Structures are given as structure tokens and as C-alpha cells.
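# Observations on the model geometry
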Amino acid sequence: MTFKPKFLTGADIRQQFLDFYAQREHKILPSASLVPEDPTVLLTIAGMLPFKPIFLGQKKAPQPRATTSQKCIRTNDIENVGRTARHHTFFEMLGNFSFGDYFKEEAIKWAWELSTEVFGLPRDRLVPSVFQEDDEAFAIWRDKIGVPAHRIQRMGHEDNFWVSGPTGPCGPCSEIYYDFHPEKGDENIDLEDDTRFIEFYNLVFMQYNRDAEGNLTPLEKQNIDTGMGLERMAQILQSVPNNYETDLILPIIKTAAEIAQIDYNKADEKTKTSLKVIGDHVRSVVHMIADGIGVSNVGRGYVLRRLVRRVVRHGRLLGIEGEFTGQIAETAIQLSESAYPNVREREAMIKEELKNEEIRFGKTLTRGEKLLQEILDKVKGIGKDVMDGNNAFILYDTYGFPLELTQEIAAEQGIEIDLEGYDRALKKQIETSQGAHEAIDLTVQESLDKLAEKVDSTEFLGYTEAQAKATIEAVLVEGKTVGVANAGTEVQIILDRTPFYAESGGQIGDRGYLSGDDLVIRIEDVQKESGMFVHSGRVERGYLRSGEKVSASIDRACRRRAQANHTATHLLQAALKKYVDESISQAGSLVAFDRLRFDFHLSRSVTAEELQQIEEQINNWIAEAHETDVELMSLDEAKLKGATAMFGEKYGEVVRVIDVPGVSMELCGGTHVKNTAEIGLFKIMSESGISAGVRRIEAVAGPAVLEYLNVRDKVVRELSDRFKSQPEEVCDRVTKLQEDLKAAQKELEAVKNELAIAKSDQLLSQAEAVGEFKLLVANLGEIDPKALQTAAERLQQKLGESAVILGSIPAEGKVSLVAAFSPKVNKEKKLQAGKFIGGIAKICGGGGGGRPNLAQAGGRDPSKLAEALETAKTQLLEKLQ
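Criteria and cut-off values
- Residues numbered from 1 in each chain as written.
- Predicted model: local features only at pLDDT ≥ 70, side-chain atom pairs only at ≥ 80, totals over all residues.
- Heavy atoms only, no water.
- Helix = DSSP H or I, 4+ residues; strand = E, 2+ residues; numbered from the N terminus.
- Buried < 20%, exposed > 50% of the residue type's maximum accessible area, 1.4 Å probe, protein only.
- Areas by Shrake-Rupley, 256 points an atom, 1.4 Å probe, with all protein chains shown as cover.
- Lys, Arg positive; Asp, Glu negative; His and termini not counted.
- Charge placed at Lys NZ, Arg CZ, Asp CG, Glu CD.
- Pairing = 2+ DSSP bridges.
- Axes fitted to C-alpha atoms, helices over the stretch in contact; angles between N-to-C directions.
- Salt bridge = Lys/Arg side-chain N within 4 Å of Asp/Glu carboxyl O.
- Right-handed = clockwise from strand over helix to strand, strands pointing away.
- 1 Å grid on protein atoms, 1.4 Å probe; cavity = no way out; pocket = protein on both sides within 12 Å on 5 of 7 lines; lining within 4 Å.
- Points joined across faces, edges and corners; volume = space filled by probe spheres on them.
- Nonpolar A, V, L, I, M, F, W, Y, C, P; charged D, E, K, R; others polar.
- Arc of directions from axis to C-beta.
- Contact = heavy atoms within 4.5 Å.
- Parallel < 35°, antiparallel > 145°, perpendicular 65-115°, else oblique.
- Left-handed = near helix turned anticlockwise from the far one by under 90°.
- Expected span 1.5 Å × (residues − 1).
- Core = buried A, V, L, I, M, F, W, Y, C linked by side-chain atoms within 4.5 Å.
- Phe/Tyr/Trp six-rings, centres within 6.5 Å; stacked < 30°, edge-to-face > 60°.
- Lys NZ or Arg CZ within 6 Å of the ring centre and 35° of its normal.

This brings us to the overall build of the protein. Scanning the protein from terminus to terminus reveals 25 helices and 35 strands. Along the first, second and third principal axes, the C-alpha set of the protein runs to 100 × 80 × 55 Å. Sorting the 881 residues of the protein into buried and exposed places 51% on the buried side. Total accessible area on the protein is roughly 41400 Å²; 47% of this is exposed by carbon and sulfur atoms. Placing the 109 positive and 136 negative side-chain charges of the protein at their respective mean positions leaves the two points 4 Å apart.

Below you can see the structure in the form of C-alpha cells.
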């Protein structure tokens, strides 16, 4: 009898999963941002990643049980997206977690109950797997759940043993597979057969700790980490052949199909693949931008750019012309907004970012694809199946064509890319970003890891105290725990309590001193690791011992500067919202002692007039002496009051709100002035773009303003002295000098042209007759490129039907080459100036091109100029015969 599952929407599956575990005392937690706190990964790639510090023992679990629907992104299998039934870059992982509470029996029991009773999957269609040595899990499945022993599959380390890294927490797994074809029977079950089975639920039993020798010892607190792929369960319950045709993705695909005027159901496989790629990638980019990621050429910004450009290219393959990503993004937003409200809140930013990148890529896509196809045709024309890596790099560097896209297009035609050649070219010109790690490494610095298990979190007193008595809990030298450190030693110190602020939220750590009996330690930086405040500094005098009591004193002047800059940053964001765009949101910040920096999402530059308004408004707020209120409240209450939160930032249930009444209200853990009058003054130093859709304002506040103005005043006075003018006349004098310089440069250029012409006229007699043509190849010394081109063009015209090649060394490390061919040389001898001179320039380590009759090229190796000119002459003597 054919089984038809009960249909559930993706939203229903998500909610029923969360409700099921909430009824079993799990706290429902919101999805963490795709921008993880973990610095070892670029993006959130697994449902358990936000809980990594808890599994490591670095943080205490706020509750013993939790359940989440976590948005994730992985791009390690991007080439399989759209080509298989289940590969995605964006996916949602439903999970239930136990932090030292329940273990295997409950995890297995509830997973089975959820699958069979809530989702209604028949028992005879479910096949569990266990680690080959995990007899305990096998027995639970057989004796407690009632699964026949012959249907429980034992698997090896590669499939069913989870490890966090070379050392650290690890343990066996148990997975549940759905059988699409139970009629094939129970004999010779092969879970690797993905036409029959799909794994939809993975249960990880964090049972052991692995040491450096590979020995396993039971963990004191055993944990549960599970994951159910939402898209996979939707495929099962919605009775569709692949994840793409579920209600989570198909509406996006249909929107793309409508724009392309295609019937998805009648489309061929190649067309369906492009539609599936668009459906998947648009989900990814919508959530990435919503979580504060902007397009760039590095890090996660490059991942975003790569995905957007793949969407655009596949749209072009479908015949879509004009801008279309915003329209498809709207469908993705509609599908996600109930579970992830920030996609609707950031709708304008999402669509603007997509539009800008689509326009940028559209300008280069057509030309890049044409050039790539020309290269591929040449490769195929000579019977090769490997494309030169240098050509791939030129496509990337000059035309913005990603290597992955070049590989994809080339692979479609059976051609590989010479990656070693690409890497060599890349190293010469640019610094590349590190790719995202696709595995989660739970190993950390050994000493801090061990300390986190033994030392309680540091009590922070710095909101109210500038000095406090404290006990030294631990001393580290070069990352290792020591008992004693003497004068001159660089140390890291962990105290039980401290007035020192640890770097976070953009604000740098405090400076100051620790002192005791004949002991002085200068503290230069403070960082927070697993709840511990790590004070880094140098022992100035005496001996430092663990367990010793010390007096901890911050540098109050530095703290006051940081407070002024931090509160000024809040005022800056408020002013930007008032005068530029209410939807502006923070993309990053730096609060130092001498300056502040604020990065924000905006697709245009801030005008000079707006900057002046912002600066005046902030100084007015400072002069108005607004009190600063600090209050702890629930996150929900803070949002209701209108407090500004940073997108992608992870907040606890109780948050700290900094309120400048009537001006600004933000969630913030930093230190601030009690009254805006304490800031003194505010001055914007610069406004610039740092990546696509992200702007940066750098400014100073408080005493730093006077320092900044003193430097500027000194410069103005020196210029006034040099120009023998008043300060207000300096700009006019500079303008006059610029005009004079421009006129002089123009005159110099005319003289150089005259010199080049004079030199070239002397060369006319050196032209050689080659059949019916004249050939002239010469080195004009240090003539600049423009004058060289003028000379070549003039010589060719005077010689008539001819070919002229001129070279020069206009500056150290530079070569200039020009080719000028007459029309008859073009037509009868099939010689193109651009192609010819480009090939010759390679001898000098360069390249170039131009029109068939006149072209210019450059190089970087002057020592090869003579060889290049000789080669040009030899080739032309042969071809002009």
C-alpha cells in the first residue's frame, strides 16, 4: 500500500518541532545571526555553533535544555546546488539540546515520538543507524523503541562518530533515515543509496573527551546536540521529489520562472538547474544582508558577492534582461518574515544592496563572458582541455569575474582551469581573503580552556568603580599558566573582580595599573575570554604571584576619553538617522581613547551639507547637557521602548539600555558619560566608503578635539608663513598654484610632443622597404607614452603603407610600446596593431592593445625592451613579405 504523508507546510514543521520540545521543558531560543561570535568560522554553518562555548565548558548554560530553528549557510558544496535533490547554501537546522541533563535514552525516545506521532511517519519506513561500537544506543533502539535488530544499521567512524577537532569533546551519533521504497525489503539495506534513503535527523551524543594521544575519557557532563534538516523533512511530508519543490523554495523558483517567462514544470534539466540555483541563493543573500553582511572582496562579504553574482548569471542564462533580484528577494522575504522578522525590517537595505551589485556585475558580465568564451574557443581549437590560469586571473582582476564562475562555465564545456597558474598571478597583485572554514573546531588555547573550567567568571565593577581590591586567580606567560612572574615579564592576569573594562562592543579595553606590596604591573589591554577578564601588561616592579591580593586601578583620563567617544558615537547614529536616513543601521564601530569610528549601512556618500548638519546637531546636544540614563530591562521591553539594537548582535534576556532622553536610546554594554556636557566638543574628521553599501565616519570628541584642531592649526600657520598670506587666503593661493602647475604641465607636454616629432622625423630615413611596405622599428629613449603614440602615428602617415613600432622607457621600471599600421597592412596582411603589440609587450612583462591601426602597450621590465623591439622587427619582416 502506498503511503502518503500528511501535508505540513515548512512553517508548520518548524513550529511543531519547537512546540514538541517546549512541552518537554526545552526553552525556545531565537536563531543566532549568520555572523557568528566564533572567530574560527566566517558564517554560522551548524545549529550547534551558537552553543559551542557551553559545550566547551567556557560558559554556563542559561538553561539545561534548549530548542532552536537555526539559519545556516555552507558553500563548500556550492557546485552541487541545483544539481542534486538536497544540496543547499542556505538551510534551517531544527535542533534540541541538552547541557548535562538528559542523554541517549530520552534523545532517541523523543526523536522517534516526534517522527512517528507528530509528523506521522510510519515505523516501517524509518531506519536508524548507530556507531558500530555503541551497544548502548543499539539496545535502546531495539529494546526501548522496538525497532527490529536487523533494521538498525551499525556504521563506522566516518559516518557515525562526531569529533570537534583533534582533541576535545566527541561522541557517537545515531541517525534516522526515511525509506522512500520500503517495498525493496530489509535485506542488504544500503543507507548510502540516496535514491531510496534520506537522513533527516541526527542525534549526537557528546560522551567523551579526546586527549592529544587519542585516548577517550567520559565527560563529567554529557551533552546532546541534534539536528533535523527542515528542508529535508518538508520534502518527505510534502511528497515532492527534491527539497527545491517544497513550499520553502518553490515560490522563489516560480517567481524567477515568471520573470523569465518559463514554465518550470515543462523546463529541461539545465533550465531547472538555473532556477534552483536562484531559488537557493536568493534565500542565502536575503538572510546574509539582513544580518548585516555587505558585499565586498574579502571574508563573508566575498561569499555574499559570489552568491549574488551566481544569481545574476543564472538569470541571464534564463534570458532575463534588466534588474530582477529585488523582485525575487521580495518572495524570499515574504516566505521568511514570520520566522525571521528582520528580513522585512531590512527590506530596503536588502533590495538596495542586491540592486547595486546586480548593476555592478551586469556591466562586466557580458564582456567577461564574451572574453571567456573566446579563450575557451581557443583552448578547444588547439585540442587542449586546460585553460591558462593567468587568463582566469585577468578575468577576475580586470572584469570582476570570480574564479568560481570561470570554473563553472569552463566545466560546462569540459575544460579545467590551471589553478596553480591562477594562484601565481593572484599572489603577484592582491592579498586574498581566507575562505570560510566548513567545520567547527571546538579546540581552543589550552591554558584558557582549562582555566575556564576552574575559574569563575570575573566580576566587573567598572560601571561604578575606578579602583578595587582583587585577588589574582591566574597568571599566564606566553599563553601558559605560571605561578610567579618577575619584573620585565609580559603577563596575562585573571582577577576575581575588576574595574577594568574588557574590549567589547567596539570599545577598547581600559589601561591602568595593578599594585601591591612592592609590586607594580602596567596594564595595556583587557580582553574577555569565556567570562574571564584577561588583563595584559608588564611587570614593572617586584614579583607577581598567583593568589596574591592587589589593588586594581584604571587610568581615569583614558576612561573619560573612552566614555566621551562612546556616548558621542550614540549621538552620531541618532544624528545620521535624523538628517540622512531613518533606516540607517550600524555595521561596526571603534571607540578608542583618541578617536571614534562608526560604520553604517548606506548606499551613497553623506553630503558635505549633511555632515555639517550632523556635527552642529551633536554639538548642540552636548551643549544642552542631557543626562544619560542607564537601565537594565528585558530585551522585549527595550524593543517596545524603541531602543536601537545592532543587527546581528546576540543579546541576552536582560539588556543594558543607554538612554539620552529625547535624543538616543541604544542597547549597549559600554561605559558612558553621565551628562552629554562631559563630552565637551565633537568634530568629524572624515567620511568614506569602505565596501559596497557601507560608509564610515571617523571623528574625535572631548580633549581629542583640541589635539586634532591644534595639528590643523599648525599646518595652516606653516602654510601661511610659506605663502606669506593670511590663513583665509591659503585656499586661493593653493588654487592659483594648481592652475600654474596645470599650465606648466601643458606646456611641458607640448614641448615633449615637439621633441618626439623632431626625433621621429630623423627616423624616416631608417625605414626599411619590405615588399610594397615600409617598416620602422625604433627606441625613442625616455619619451612618455602619449608623445610616443603621437610620434608613431605621425611616422606611419608620412611613410604611407607601412608598419611602425616604437618603444621607450618613460620611467624606472616602465616600458611603453606603440604599433601603428596602415589600412593595407590591416587588410592584406591581416595584421592588427592591438593584438600584435599586446604579444610583444609580454616579453617586457606587460600587455595591452587597442585599435587595428593604432595600439599602445606597456611593460615592467626595461631590460627586455631591446629584445621586444627585435622580436617585433623579425616578425614583421616575415609577415610583410
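More follows now that the structure is in view.
A few words on the sheet that holds strand E27 (residues 664–667). Strand order across the open sheet formed by three strands is E25-E26-E27, with antiparallel pairing between neighbours. One side of each edge strand has no neighbouring strand; the edge strands of this open sheet are strand E25 (629–634) and E27. The average undirected angle you get between the axes of adjacent strands in this sheet is 25 degrees. By the bridge criterion, six bridges tie E25 to strand E26 (residues 654–660) in an arrangement that is antiparallel. Paired with Ser-634 across the strands is Val-654, a residue of E26.

Turning our attention to the pattern of salt bridges. Enumeration over the complete set of coordinates arrives at 42 salt bridges. Residue Glu-357 is joined to Arg-309 by a salt bridge in which the shortest nitrogen-to-oxygen separation is 2.6 Å. Here Arg-309 lies in helix H9 (residues 299–317) and Glu-357 lies in helix H12 (residues 347–381), a separation of 48 residues in the sequence. Residue Glu-357 is classed as buried on the basis of its relative accessible area, which comes to 0%.

The side chains of a regular strand alternate, residue by residue, between the two faces of the sheet. Across the six residues of strand E4 (residues 126–131), six count as buried, placing the element largely inside the fold. What you see with E4 is no split at all: Leu-126, Pro-128 and Val-130 on one side and Val-127, Ser-129 and Phe-131 on the other are buried throughout. Summarising the sheet, E4 and strand E7 (residues 168–179) pair through five bridges and their orientation is antiparallel. Bridging from a neighbouring strand, Val-130 pairs with Ser-174 of E7. When E4 meets strand E5 (residues 153–155), the two strands line up parallel, connected through three bridges. Residue Ser-129 lies in a different strand from E5, and its bridge partner there is Gln-153. Crossover E4 to E5 through helix H4 (residues 135–145) is right-handed.

The next thing to look at is empty space enclosed by the protein. Tallied over the entire structure, the rule returns one cavity of 30 Å³ or more. Lining the largest cavity we find Arg-14, Phe-90, Glu-92, Leu-248, Arg-283, His-287, Leu-335, Ser-336 and Tyr-340. Among the secondary structure elements, those contributing two or more residues to the lining of the largest cavity are strand E3 (90–99), helix H8 (269–290) and helix H10 (325–336). Residues of the lining of the largest cavity, tallied by class, amount to four nonpolar, two polar and three charged.

A few words on H4. For H4, every residue scored as buried is listed here: Ala-137, Phe-138, Ile-140, Trp-141 and Ile-145. All buried residues of H4 fall inside an arc of 160 degrees around its axis, so they share one side. Lining the buried residues of H4 we find helix H3 (104–118), E4, E5, E7 and strand E8 (197–210).

What follows concerns the sheet that holds strand E24 (residues 596–601). Strand order across the open sheet formed by four strands is E23-E24-E29-E28, with antiparallel pairing between neighbours. Each having just a single partner strand, strand E23 (586–591) and strand E28 (682–691) make up the two edges of the open sheet. Direction aside, the axes of adjacent strands within the sheet are offset by 15 degrees on average. Sheet strands in contact with helix H20 (residues 703–723) are E28 and strand E29 (694–701), and its direction is about 95 degrees off that of E29.

Once that is clear, we can look at the packing of helix H7 (residues 250–259) against H8. Contact geometry of H7 with H8 gives a least axis separation of 8 Å together with a crossing angle of 120 degrees. Put simply, H7 runs oblique to H8. Regarding H7 and H8, the two cross each other, and that crossing is right-handed. Residues Ile-252, Ile-253, Ala-256 and Ala-257 of H7 lie in contact with H8, whose contacting residues are Leu-275, Lys-276, Ile-278, Gly-279, Val-282 and Arg-283. Taken together, the residues that form the contact of H7 with H8 break down as seven nonpolar, one polar and two charged.

Turning our attention to H3. In this model, H3 (15 residues) spans 20 Å end to end at C-alpha, consistent with the 21 Å of a helix rising 1.5 Å per residue. Three or more residues of H3 are buried, namely Lys-104, Ala-107, Ile-108, Trp-110, Ala-111, Trp-112, Glu-113, Leu-114, Ser-115 and Thr-116.

Attention shifts here to the nonpolar core. Among the nonpolar cores identified, the biggest contains 106 residues, and Trp-141, Phe-200, Tyr-201 and Met-387 are the most heavily contacted of them. Sequence-distant contacts of Tyr-201, that is, excluding residues within four places in its chain, are made with Phe-17, Tyr-21, Asn-96, Ala-111, Leu-114, Ser-115, Ser-174, Glu-175, Ile-176, Thr-226, Gly-227 and Met-228. In terms of nonpolar packing, the next biggest core, distinct from the first, is built from 28 residues, Ala-564, Leu-572, Val-660 and Ile-684 among them.

Take the packing of helix H17 (residues 556–579) against helix H18 (residues 608–623) next. Viewed as axis vectors pointing N to C, H17 and H18 meet at an angle of 130 degrees, and their least axial separation amounts to 9 Å. If you check the angle between H17 and H18, you find them oblique. Here H17 runs over H18; the crossing is right-handed. Where H17 approaches H18, its residues Leu-571, Leu-572, Ala-574, Ala-575, Leu-576, Lys-578 and Tyr-579 are matched on the opposing element by Glu-610, Gln-613, Ile-614, Gln-617, Ile-618, Trp-621 and Ile-622.

Assignment of secondary structure puts Arg-313 in helix H9. Residue classification places Arg-313 among the buried residues on the basis of a relative accessible area of 2%.

Below, the discussion takes up the packing of aromatic side chains. Considering all chains together, one arrives at 18 aromatic pairs under this definition. Measuring from centroid to centroid gives 5.1 Å for Phe-17 and Tyr-21, while their planes differ by 50 degrees, and the two rings are tilted. On the criterion of helical spacing, the pair formed by Phe-17 and Tyr-21 is a turn pair, its members being four residues apart in helix H1 (residues 10–22). Of the two residues, Phe-17 and Tyr-21, neither departs from the other in class, the shared state being buried. Judged by centre distance (5.1 Å) and plane angle (55 degrees), the rings of Phe-131 and Phe-161 are tilted. Placement of Phe-131 in strand E4 and of Phe-161 in strand E6 (residues 161–163) is noted, with a sequence separation of 30 residues between them. Comparing Phe-131 with Phe-161, the two get one shared label, buried. By the ring-pair criterion, three or more aromatic residues cluster together here, those being Phe-17, Phe-20, Tyr-21, Tyr-102, Trp-110 and Tyr-201. Positioned above the aromatic ring of Phe-20, the side-chain terminus of Arg-24 is 3.6 Å from the ring centre.

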